[in-house]
Amino acid sequence: RIMNRQAYFLEAERLSDDFAARAKAVDDYMKTAPDLTDDEAYKKLCDLQGEASAAAGRWSSHCENNRSHIRSV
């Protein structure tokens, strides 16, 4: 699908911001020094990491799949 540069970069920025927020959530959670031997604490960390990983994948896919379809206007 063809898109202009502005649309490409706006979407890349939105996806990057989403990833950054989810990565920050992992960092913030780890700063609470959770007891990762506790199953609930470990599951929460895994869930947060999974969300961050998925967000990174969405950003990466957007860039890979759309970079070659950018128009200059």
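Residues numbered from 1 in each chain as written. Predicted model: local features only at pLDDT ≥ 70, side-chain atom pairs only at ≥ 80, totals over all residues. Heavy atoms only, no water.

Colleague: Teacher, can you tell me more about the pattern of salt bridges here?
Modeller: A side chain with one charge can pair with a side chain of the opposite charge if their charged atoms come near. In total, this model carries 8 salt bridges according to the counting rule given. The residue R58 makes a salt bridge to D18 at a minimum N-O spacing of 3.2 Å. Separated by 40 residues along the polypeptide, R58 in helix α2 (residues 39-66) and D18 in helix α1 (residues 5-31) bring together distant segments of the chain. Looking at R58, the relative accessible area reads 39%, which means it is partly exposed. With relative accessibility at 21%, the residue D18 sits in the partly exposed group. Of the charged contacts, one joins D47 and K43 as a salt bridge, the two residues approaching to 3.0 Å between their closest N and O atoms. Residue D47 and its partner K43 are both found in helix α2; the two are separated by 4 residues, about one turn of the helix. Several salt bridges share partner residues, and in doing so they unite D18, R22, E51 and R58 into one network. (Salt bridge = Lys/Arg side-chain N within 4 Å of Asp/Glu carboxyl O. Helix = DSSP H or I, 4+ residues; strand = E, 2+ residues; numbered from the N terminus. Buried < 20%, exposed > 50% of the residue type's maximum accessible area, 1.4 Å probe, protein only.)

Colleague: Can you walk me through the nonpolar core in this structure?
Modeller: If you look at soluble globular proteins, the nonpolar side chains tend to sit buried side by side. Counting residues in each nonpolar core, the largest one holds 6 residues, listed as V26, Y29, A41, L45, L48 and A52. Secondary-structure elements contributing two or more residues to this core are α1 and α2. Ranked by residues supplied to this core, first place goes to α2 with 4 residues. (Core = buried A, V, L, I, M, F, W, Y, C linked by side-chain atoms within 4.5 Å.)

Colleague: Sorry, what's going on with a nonpolar patch on the surface here?
Modeller: The grouping of M30, L36 and Y42 at the surface amounts to a nonpolar patch, some 260 Å² of accessible area in total. Checked against the element boundaries, L36 lands in the loop between α1 and α2. (Patch = residues over 30% accessible without salt bridge, like charges linked within 9 Å, V, L, I, M, F, W, Y side chains within 5 Å. Areas by Shrake-Rupley, 256 points an atom, 1.4 Å probe, with all protein chains shown as cover.)

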